[in-house]
Amino acid sequence: MSVILGEGDLLDTNGDLCEAGYAFSQVKKYSRSQIKRKKLRIKEWDYYCFCDGDYAVALTVADNSYMSLGSVSVLDFSHIKYITKSKMGFMPRGRLNMPSDCMSGNVLFRKGGVNIEFTVNADGTRTLKSEFEKFDGKKDLACEFVLDGYAGDNITVSIPFEEKRRFYYNTKINCLKGSGWFEIGDDRHEFTEGFAGLDWGRGVWPYKNTWYWSSLSCEVNGKPFGLNLGYGFGKPVASENTVFYDGNAYKLDKVDFDIPYTCGEKDYLKPWKITDDKARLEFVFYPMIDRKDKMHALFLSTDQHQVFGKFYGKAILDDGTILTVSDKIGFAEHVVNKW
């Protein structure tokens, strides 16, 4: 049985987790200064993905200690295409000053014609902005989103790895309703409404790791509905698997992503089955775009498939209520890193 986290410091005086478990709010206090491992193993990131069903825009800022990253992706579901561009920096070592919690503090990445800003405003709303020169090779990108303040549940997990003083502290906030726009050159798209999700991660990671993650934010029966599902990283002492409905979180235990194979290899563009071990989750995920990235450079490598597509299925809440989901766009991913 997973532990429900209590309030207090995330790390003890030795740099180990005070508690491993989960909570529906970010109850533990994270401080980079309390980490006792080599500083180059610290990884901190904020990732937002905003979608209205026609397009999605994903924005990432990361301080991985030996490397900083600012990344923007634009996905076009009507024409089944995407552009992802990134800019990297060398040895930031915490100089990005990533916020110590997900409900306050600002994020800023500026380097070589790339600007990405995440602002948590005094009224609880969030503003996301980016400019990226020659985003498609010729034309510049600009975008801005304003997300409503959110007072509902999130899912926060505190998870150890096998080695001492290595951990993953992560919060996912689904169903951040908002609006905005993006433009590439003279082409502009207005998001009159849509939903964003936030992936807020801080931790000390091992060199090699693999994970599965899926996220969906939409409306069902006129109320906000979300899925956050994931596994594969750290010791299996707590899961992030959660259904969100009308601001409330409903915890699941184990989930499985059944990804089809073709000729002995995962075929990410064939339909996936996503289920749990208690028969409360039953989805078929129909892929549309595989936003993939494969890179090998010196001692670093990544093989990631963030697949966007449509969810069809059902989720059962704690009281037995059955929620049916149809034709809703989200994503599911499989990532293998040496970083």
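Above: the structure in question.
Now for a quick tour of the structure. (Residues numbered from 1 in each chain as written. Predicted model: local features only at pLDDT ≥ 70, side-chain atom pairs only at ≥ 80, totals over all residues. Heavy atoms only, no water.)

## What about the packing of aromatic side chains?
Logical step 1: Counted by the stated rule, this structure contains 34 aromatic pairs.
Logical step 2: Seen from their ring centres, Phe 257 and Trp 272 are 6.2 Å apart, and the 50° between their planes marks the pair as tilted. Highlighted residues: Phe 257 in strand S19 (residues 255-258) and Trp 272 in strand S22 (residues 272-276), separated in sequence by 15 residues. Of the two residues, Phe 257 and Trp 272, both sit in the buried class.
Logical step 3: Between the NZ or CZ atom of Lys 43 and the centre of the ring of Trp 339, over which it lies, the distance is 4.3 Å.
Logical step 4: For Arg 188, the ring lying beneath its charged end belongs to Trp 181, and the centroid distance is 4.3 Å. (Phe/Tyr/Trp six-rings, centres within 6.5 Å; stacked < 30°, edge-to-face > 60°. Helix = DSSP H or I, 4+ residues; strand = E, 2+ residues; numbered from the N terminus. Buried < 20%, exposed > 50% of the residue type's maximum accessible area, 1.4 Å probe, protein only. Lys NZ or Arg CZ within 6 Å of the ring centre and 35° of its normal.)

## Brief notes about the sheet that holds S22
Logical step 1: Spatially, 9 strands are ordered S18-S17-S16-S15-S25-S24-S23-S22-S19 in an open sheet, and the strand pairing comes out antiparallel. Since the sheet does not close on itself, it has two edges, and those belong to strand S18 (248-251) and S19, each with one partner. When strand polarity is set aside, the average angle formed by the axes of neighbouring strands in this sheet is 20°.
Logical step 2: In terms of strand pairing, strand S16 (residues 223-231) meets strand S17 (residues 242-245) through 4 bridges, oriented antiparallel. When the bridges of S17 are listed, Leu 227 appears paired with Val 243. (Pairing = 2+ DSSP bridges. Axes fitted to C-alpha atoms, helices over the stretch in contact; angles between N-to-C directions.)

## Quick look at the pairing of strand S12 (residues 155-160)
Logical step 1: The buried count for S12 comes to 6 of 6 residues, which makes it a mostly enclosed element.
Logical step 2: Neither face of S12 is left uncovered, since the one carrying Ile 155, Val 157 and Ile 159 and the one carrying Thr 156, Ser 158 and Pro 160 both have all their residues buried.
Logical step 3: Sheet topology places S12 next to strand S13 (residues 167-184); 6 bridges connect them, and they run antiparallel. Bridge assignment links Val 157 to a residue of S13, and that residue is Asn 170.
Logical step 4: Here S12 folds back onto S13, and the loop between the two strands holds 6 residues, one of which, Arg 165, carries a positive phi near 65°.

## Describing the pattern of salt bridges
Logical step 1: According to the stated counting rule, one finds 17 salt bridges in the structure shown.
Logical step 2: When the shortest N-O distance is used, the salt bridge between Glu 44 and Arg 32 registers 2.8 Å. Residue Glu 44 is located in strand S4 (residues 42-51), and its partner Arg 32 is located in the loop between strand S3 (28-29) and S4; the two are separated by 12 residues in the primary sequence. Grouping residues by exposure puts Glu 44 and Arg 32 together as buried.
Logical step 3: The partner of Asp 277 in a salt bridge is Lys 278, with the nearest N and O atoms 3.2 Å apart.
Logical step 4: Because the salt bridges share partners, they merge into one network encompassing Arg 37, Glu 163 and Arg 166. (Salt bridge = Lys/Arg side-chain N within 4 Å of Asp/Glu carboxyl O.)

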